[in-house]
Amino acid sequence: MKQKLDRNTIAMRAAKELKDGDYANLGRGLPSLCALYVPYGVVFQSENGILGYGPLVMEEDIEGAELHRVDAGGRFLTPAPGMSFFDIITSFTMISSGRFITVLGAFEVSERGDLANWNAGTDTLGGTIGGGMDLAVGAKRVITAMEHTTKEGKPKIVRECTYPLTARKCVNLIITDLAVIDVTLKGLLLREVAPGWTVKEVQALTEPKLIVAEDIKEIEL
Amino acid sequence: MKQKLDRNTIAMRAAKELKDGDYANLGRGLPSLCALYVPYGVVFQSENGILGYGPLVMEEDIEGAELHRVDAGGRFLTPAPGMSFFDIITSFTMISSGRFITVLGAFEVSERGDLANWNAGTDTLGGTIGGGMDLAVGAKRVITAMEHTTKEGKPKIVRECTYPLTARKCVNLIITDLAVIDVTLKGLLLREVAPGWTVKEVQALTEPKLIVAEDIKEIEL
Amino acid sequence: MVNKVYTNFDEAVADIPDGASIAIESWGFAATAQNLIAALRRRDVKDLTLITHNFIPSFYTEEEALLPVALLPQLKKLLAGVVGIPQFGAGLFIKEYVDKGLEVELTSHGILASRLYAGAAGLGGIYTPVGIGTVIEQGKEKRVIDGKDYLFEKPIRPDYAFIVAHKADKMGNLVYLGTFRADQPIMAMAARITIVEAEEIVEAGNIDPEHIVTPGIFVDRIVEIPEGGYGTAQKRKKLVYKFGEMEILRKMLFG
Amino acid sequence: MVNKVYTNFDEAVADIPDGASIAIESWGFAATAQNLIAALRRRDVKDLTLITHNFIPSFYTEEEALLPVALLPQLKKLLAGVVGIPQFGAGLFIKEYVDKGLEVELTSHGILASRLYAGAAGLGGIYTPVGIGTVIEQGKEKRVIDGKDYLFEKPIRPDYAFIVAHKADKMGNLVYLGTFRADQPIMAMAARITIVEAEEIVEAGNIDPEHIVTPGIFVDRIVEIPEGGYGTAQKRKKLVYKFGEMEILRKMLFG
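The structure presented is a predicted model; accordingly, all values stated were derived computationally and were not measured. (Residues numbered from 1 in each chain as written. Chains lettered and ligands numbered in written order. Predicted model: local features only at pLDDT ≥ 70, side-chain atom pairs only at ≥ 80, totals over all residues. Heavy atoms only, no water.)

Draft legend 1. Representation of the overall build of chain A within the structure. If you tally the helices and strands in chain A, you get four helices and 14 strands. Scaling as 2.2 N^0.38, a compact globule of 221 residues should have a C-alpha radius of gyration of about 17 Å, and chain A matches this with 17 Å. Across its three principal axes, chain A shows a C-alpha extent of roughly 50 × 40 × 30 Å. Expressed as a percentage of its 221 residues, the buried residues of chain A come to 62%. Within chain A, contacts between residues at least 6 apart in sequence are counted, and of these 63% link residues at least 24 apart. Only carbon and sulfur atoms are counted for the fraction: they give 52% of the accessible area of chain A, which is about 8,700 Å². Across chain A, the 24 positively charged side chains and the 29 negatively charged ones have centroids separated by 7 Å. (Helix = DSSP H or I, 4+ residues; strand = E, 2+ residues; numbered from the N terminus. Rg over C-alpha atoms; globule rule 2.2 N^0.38 Å. Buried < 20%, exposed > 50% of the residue type's maximum accessible area, 1.4 Å probe, protein only. Contact = heavy atoms within 4.5 Å. Areas by Shrake-Rupley, 256 points an atom, 1.4 Å probe, with all protein chains shown as cover. Lys, Arg positive; Asp, Glu negative; His and termini not counted. Charge placed at Lys NZ, Arg CZ, Asp CG, Glu CD.)

Below is the structure:
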């Protein structure tokens with residue numbers, strides 16, 4: 001059965017990159033879903049100044065939500081043992097320390113690992129840079145969790161980003177609804193493809209030439 | 001009776017520059033004696049990370065002394081209401097914020113207000129820069145409390161400092177055992193002289209030419 | 001002891017002149033010194049520069065909550081890491097003001113943090129690796145240090161910081177509540193004059209010296225938030241429930 | 001949960017290689033991770049770079065306390081704001097080592113703080129107004145920014161930080177005791193690997209999240225100080241009393 005992975009499945013695959021003891025910061029949207037699938041012992045940070053929180057507050061538990069315990073996207077967090085609050089000096093020092101794995105969304109990723117994820121080019125008056133540039137530069141490992149193409153079928157993995165950049169040469173691993181791709185010094189290395197999809201089909205939806213891993217396999221969860 | 005002020009009296013005069021609500025950091029030695037004479041409400045900081053402490057622990061109270069409550073010189077401090085502990089990032093941010101009045105010792109002060117107070121030129125292997133340079137640059141007001149001359153009678157208020165500098169053009173007020181002198185853009189303005197001393201006698205022990213204030217008076221405590 | 005406690009918010013902001021720069025926290029919804037914003041709005045002061053991490057449109061009535069966006073008509077310049085919410089029309093909500101001359105400088109949250117530190121620590125500037133190859137580098141000096149590219153960024157030293165604290169003692173020592181801490185400590189450290197609204201003002205000595213986050217020296221004025229004021233526990237709770245009532249916000253926050 | 005708790009100090013410092021740089025606090029007497037220093041002395045590791053605010057001679061026997069000076073024979077370079085105590089012969093105590101090639105870089109305490117911040121925040125460098133016109137400016141770039149002179153200073157990113165905490169939880173969250181806090185939080189933030197000796201190790205959740213000073217992410221290894229180890233409350237008290245017995249120290253500390 002040839003389907004693209006749904007958002008939760010992409011998140012599940014990205015979550016496999018996180019293991020007990022890792023520190024992680026998840027971007028909004030699709031990346032934030034990873035939290036549902038990581039193993040015990042992954043510690044999450046949000047750049048507004050909280051580390052080690054528990055699961056998001058669910059809508060039905062809204063009476064337990066507090067405005068003063070939120071992530072950078074304003075979502076309510078539950079407390080967990082070992083959690084800490086701190087200021088942004090501490091927070092962005094963490095982010096630049098190379099101690100985080102970050103999972104981010106992307107409008108585009110280039111073959112060199114350039115990332116464009118903060119502005120679809122349409123917002124010329126404002127913009128949501130936020131902490132994304134800091135994460136992209138400072139993290140020890142940058143993973144993008146994203147759809148392989150736009151809704152119109154245009155590749156989002158490109159030779160050169162056309163949207164405003166977040167950071168250059170920062171992405172280490174690209175996880176999409178079709179493939180898992182390593183960004184290497186030699187180029188993009190296709191490691192896994194979605195069930196039912198061929199390398200050729202994935203290549204057709206990807207702008208740069210993909211190098212195919214010798215041990216290429218189907219995406220496993 | 002023509003005497004030089006003793007160390008405690010110099011400190012008392014310097015203490016008059018501090019009033020309720022002022023924040024102060026006192027250098028070691030003579031300047032630290034000011035704490036005994038300031039009015040209620042002066043808040044003291046030590047650059048190792050404590051603000052608003054009480055009086056120094058006296059030797060007879062040594063059983064109340066704690067190694068973890070000391071000033072930058074290692075002297076034991078008593079707690080006081082409103083005291084806080086913090087790290088050196090916070091501490092030196094305070095120091096550079098222009099919120100402190102600092103009273104420092106000096107080997108030499110130049111007529112432009114250059115200060116030399118960290119190295120008598122004899123210590124070529126080590127040196128005790130400490131937080132003195134930071135205080136000299138960052139404080140809103142730098143007062144030196146010092147003897148007017150060396151033990152050999154050589155002026156310590158000089159045209160050019162010969163000892164290694166702490167900072168340029170930083171001293172605002174010089175308080176010695178003979179005089180109180182404002183450092184102004186036009187030069188050194190003699191404001192007060194010790195009881196029994198004449199302007200001429202003070203000038204003779206001071207290398208740069210002193211401007212004499214119209215309302216020059218005897219040092220009052 | 002010098003009295004830092006002001007009896008009302010209007011008095012606390014009375015001396016802010018036209019052209020002043022003000023730093024105000026705004027992480028998440030309403031983690032903001034709203035009562036001070038309200039007082040500043042009651043004055044006709046203008047040409048302000050606002051420094052804030054997030055500048056987003058409001059979902060409240062003025063009675064419910066005041067975000068920094070309430071100051072929009074009084075701004076000459078805005079420096080922020082986020083301006084707008086993509087799902088809510090992005091930066092369109094400031095168009096009217098940009099057309100009338102509002103200057104917007106976008107930065108990253110981390111650069112803003114480091115620039116505030118640089119201001120607080122009296123530095124002349126810093127070199128940051130963040131922003132290289134992006135819109136942020138426009139017009140800025142680039143420099144290679146030990147083989148890596150950096151951008152030169154200037155310190156930020158706001159004239160004022162508006163702070164919302166959980167508890168303040170009369171000497172100005174502050175503690176915050178949860179993620180409301182965020183930018184506030186460094187803003188208080190960097191600003192020339194720090195004005196605080198606190199849920200509670202206590203006597204000096206009532207906060208453990210080990211737990212104080214912002215030492216009192218950084219705080220110039222304190223006003224206690226009165227019952228019914230912005231940011232009380234009851235008001236915060238009401239705002240939480242309001243989110244549950246708005247479909248699009250529900251999706252963002254609980255989806 | 002990954003185990004950060006080590007059962008002994010030797011194990012915690014076992015991987016430190018020749019040539020490593022280590023940041024260790026040393027404000028006041030013995031506010032220092034002494035047990036880790038002792039463990040490092042038991043190894044024959046050499047050519048270390050030591051980053052410390054104050055490098056002063058010791059007044060103790062080795063059994064009483066170990067200051068950073070105990071590492072002198074293992075150092076290639078020393079970076080400090082204070083080296084020596086004028087009343088006690090100033091820098092003479094390091095002469096033998098300087099003659100044998102020890103490099104000493106003097107800085108100011110505030111510059112050291114900012115350089116550690118720059119290291120922690122990933123900056124390429126900073127411009128500081130402190131040090132202009134002094135020995136510190138030798139060999140450094142000077143720059144006028146907005147009419148004021150600044151010196152360029154490089155970030156410091158130590159390979160290791162040795163930290164002494166009052167309490168650590170098993171996730172590495174730390175609180176300190178009084179003025180022992182000082183440099184330690186920024187050293188932990190700046191270092192690649194942070195090793196902690198703690199008076200007490202508690203379960204995660206036993207320290208209020210509002211009171212944690214160093215979040216656990218910055219901490220890699222934790223060892224509990226055993227009874228009889230350096231830095232326990234009893235040992236600290238003994239050191240205090242020892243000051244009362246030494247005439248020259250009495251004069252410095254109580255005079």
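That was the structure; now back to the text.
Draft legend 2. Inspection of empty space enclosed by the protein at higher detail. All told, the structure shown has ten cavities of 30 Å³ or more when counted by the stated rule. In this model, the largest cavity occupies a volume close to 480 Å³. Forming the boundary of the largest cavity are 29 residues, of which A:Asp87, A:Thr90, B:Asp87, B:Thr90 and D:Arg181 lie nearest the centre. Broken down by secondary-structure element, the contributors of at least two residues to the lining of the largest cavity are α2 (88-96) of chain A, α2 (88-96) of chain B, α5 (184-190) of chain C together with α5 (184-190) of chain D. Across the lining of the largest cavity, the residue classes tally to 18 nonpolar, five polar and six charged. (1 Å grid on protein atoms, 1.4 Å probe; cavity = no way out; pocket = protein on both sides within 12 Å on 5 of 7 lines; lining within 4 Å. Points joined across faces, edges and corners; volume = space filled by probe spheres on them. Nonpolar A, V, L, I, M, F, W, Y, C, P; charged D, E, K, R; others polar.)

Draft legend 3. Focus on the interface of chain D and chain B. Counting residues at the interface gives 55 residues for chain D, matched by 43 residues for chain B. In this assembly, chain D packs against chain B so that about 4,000 Å² is buried in total across both faces, 69% of it on carbon and sulfur atoms. Area buried by chain D at its contact with chain B is led by D:Trp27, D:Thr179 and D:Phe254, which between them contribute 17% of it. One salt bridge connects B:Glu59 with D:Arg250, and the closest N-O pair in it is separated by 2.4 Å. The tally of links between chain D and chain B comes to 13 residue pairs in polar contact (both at pLDDT 80 or more). Mapped by element, the contributors of at least two residues to the side of chain D that touches chain B are β4 (75-83), α3 (95-99), β5 (103-106), α4 (109-120), α5, α6 (233-245) and α7 (247-254) of chain D. (Buried area = accessible area lost by both parts, 1.4 Å probe. Salt bridge = Lys/Arg side-chain N within 4 Å of Asp/Glu carboxyl O. Polar contact = N/O pair within 3.5 Å; in protein donor to acceptor, adjacent residues only side chain to side chain.)

Draft legend 4. How the structure looks around the side chain of B:Asn48. On the secondary structure map, B:Asn48 appears in the loop between β2 (43-46) and β3 (50-51). At 2.9 Å, the side chain of B:Asn48 forms a polar contact with the side chain of B:Ser46. Apart from residues lying up to four places away in sequence, B:Asn48 is in contact with B:Val70, B:Asp71, B:Ala72, B:Phe86, B:Ser91, D:Trp27, D:Thr179 and D:Ala182.

Draft legend 5. Quick look at the sheet that holds strand β3 (residues 50-51) of chain A. Residue and element names in this part refer to chain A. Pairing within the open sheet is mixed, and its ten strands lie in the order β4-β3-β2-β1-β5-β9-β11-β12-β13-β14. Every other strand in the sheet has two partners, leaving β4 (84-85) and β14 (210-218) as the edge strands with one partner each. For strand β1 (residues 23-26) and strand β2 (residues 43-46), the ladder comprises two bridges, and the chain directions are parallel. Paired with Ala24 across the two strands is Phe44, which belongs to β2. The strands that helix α1 (residues 7-15) touches are β5 (100-104), β9 (141-146), β11 (173-176), β12 (179-184) and β13 (187-193); relative to β11, the one it contacts most, it runs at about 150 degrees. Packed onto the sheet, α2 meets β1, β2, β3 and β5 and runs at close to 125 degrees relative to β2. (Pairing = 2+ DSSP bridges. Axes fitted to C-alpha atoms, helices over the stretch in contact; angles between N-to-C directions.)

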